[in-house]
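Inside the fold
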Amino acid sequence: MANLQKLCEQLAPLEIAYADVRFYDVDVEQTEQQYEGLMSLLNKELHDEKILNESAAQLAAEFELLHSKLIDTSVCYELDEILNYHLPSLQAQIQLLEDKNDDTKRNRIHVDRKCEPTVELLKKQLKQLYVLINVKLDTAARIEKDEKIAALKMTVENLRSKTCDEEELVKLEEQLQQFSVEDENVQTLAADVKKLRADKNAQMEYLKVLNDKFEKLRIRMKTLQKCKDDAHSVSTIDEKCNAFESVYNEACEILLSINELINESTVHNIDPVFFVSEYEHVKDFAKDCKVKMFLLNFILIVIERKMRKYIISYNILIYCIV
């Protein structure tokens, strides 16, 4: 027993060394685990930093691209597309980047957050793009407005030189209402259109007067046509000749009246095409009466002078006139 006790005492230092070795092994294992965890966390934070910086750089590149596009374009629909779609999308991406940036600053342990370019710089670039596009839109709107006003001025000038159509005038008034009345050019145009409207109303009133006169002439023509028809049924040649002469003289008076209507229409910028058509009709009517008068007078001369050699022609003429 004493020997065993002595042997245990001799082996005790080895147990202590064994325990020390075991504790050291555990420490090494824990240190390796801590190292691996630390390196994994560092790699993750470095990777996140890289992704965030790449996102910021991509946004900066998109800003540069949009800026170049804005410099080169003045087309309204392209500007509207950038304003309503591209810029809001970029603004949302900046907000997302800013949120991630703030979260990273709060939660990171080892890798410092250093955004390149900074969120503040990206916000500043976005603001500059909004300012630039608004300037572009204002310029484009002003140019478009000037072009429309110039077109309206040309339309007004064209309407002044011809018979003003009611539909065209109404369309012109509707287009003019799209502009601000504070604009000096618009005020001038409004005054011109107002004068056109007044001239149009006066023209319509005068046209009504002309139409009333013309209607009276048409009634006279209908009566005259009946007189001409009745002239064929008169028994004697003298009476026929007098009847046609009376109809002819009346037709000449109507021609003069219609000619006055045509002249008045031209002076007041009223299209006289209908009056001209009726004038030609009455002119042919008067010409026919004049021919019949000539033939009847010729017949009277033949009868008076007893020109037997014209007796055949006489019979033919009587047949034609009657």
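Scroll up a little and you will see the structure.
Residues numbered from 1 in each chain as written. Predicted model: local features only at pLDDT ≥ 70, side-chain atom pairs only at ≥ 80, totals over all residues. Heavy atoms only, no water.

What the protein chain contains, in helices and strands, is eight helices and zero strands. Listing the helices and strands of the protein chain from first to last along the sequence gives α-α-α-α-α-α-α-α. Here the protein chain holds 322 residues, and the buried ones make up 28% of them. The long-range share in the protein chain, meaning contacts at least 24 apart out of those at least 6 apart in sequence, stands at 76%. About 22200 Å² of surface is accessible on the protein chain, with carbon and sulfur atoms providing 56% of the total. (Helix = DSSP H or I, 4+ residues; strand = E, 2+ residues; numbered from the N terminus. Buried < 20%, exposed > 50% of the residue type's maximum accessible area, 1.4 Å probe, protein only. Contact = heavy atoms within 4.5 Å. Areas by Shrake-Rupley, 256 points an atom, 1.4 Å probe, with all protein chains shown as cover.)

With that out of the way, let us pick up the packing of helix H3 (residues 119–160) against helix H4 (residues 166–176). Interhelical geometry of H3 versus H4 gives an angle of 155 degrees and a closest axis separation of 11 Å. By the angle class used here, H3 and H4 are roughly antiparallel. The two elements H3 and H4 cross, and the hand of that crossing is left-handed. When H3 is examined against H4, the residues Leu152, Thr155, Val156 and Leu159 are found in contact with a partner set consisting of Glu168, Leu172, Gln175 and Leu176. Its residues placed into classes, the contact of H3 with H4 shows five nonpolar, two polar and one charged. (Axes fitted to C-alpha atoms, helices over the stretch in contact; angles between N-to-C directions. Parallel < 35°, antiparallel > 145°, perpendicular 65-115°, else oblique. Left-handed = near helix turned anticlockwise from the far one by under 90°. Nonpolar A, V, L, I, M, F, W, Y, C, P; charged D, E, K, R; others polar.)

With that settled, consider the pattern of salt bridges. Throughout the structure, instances matching the rule amount to four salt bridges. Where Lys123 meets Glu98, a salt bridge forms, and the shortest distance between an N and an O atom there is 2.8 Å. A residue pair is termed long-range when its members are at least 10 positions apart, and Lys123 in helix H3 and Glu98 in helix H2 (residues 76–107) qualify at 25 residues. When its relative accessible area of 36% is taken as the criterion, Lys123 is described as partly exposed. The shortest N-O distance in the salt bridge between Lys208 and Asp212 comes to 3.7 Å. A residue pair is termed a helical-turn pair when its members lie 3 or 4 positions apart in one helix, as Lys208 and Asp212 do in helix H5 (residues 184–231) at four residues. (Salt bridge = Lys/Arg side-chain N within 4 Å of Asp/Glu carboxyl O.)

Its 32 residues place the ends of H2 45 Å apart at the C-alpha level, agreeing with the 46 Å of an ideal helix rising 1.5 Å per residue. Those residues of H2 that fall on the buried side of the exposure criterion are Leu79, Ile82, Leu83, Leu87, Leu90, Ile94, Leu97, Glu98, Asn101 and Thr104. (Expected span 1.5 Å × (residues − 1).)

This paragraph deals with the side chain of Glu278. Positionally, Glu278 belongs in helix H7 (residues 273–305). Owing to a relative accessible area of 16%, Glu278 belongs among the buried residues under this scheme.

Counting 24 residues, the largest nonpolar core has Leu224, Ile254, Val282 and Phe285 as its most contacted members. Secondary structure elements with two or more residues in this core: H5, helix H6 (237–267) and H7. Broken down by element, the residue count for this core peaks at 11 residues, all from H6. Contacts of Val282, omitting those with residues within four sequence positions, involve Met221, Ala251, Ile254, Leu255 and Ile258. Ala56, Ile82, Leu97 and Leu129 belong to the second-largest nonpolar core, a separate cluster that totals 22 residues. (Core = buried A, V, L, I, M, F, W, Y, C linked by side-chain atoms within 4.5 Å.)

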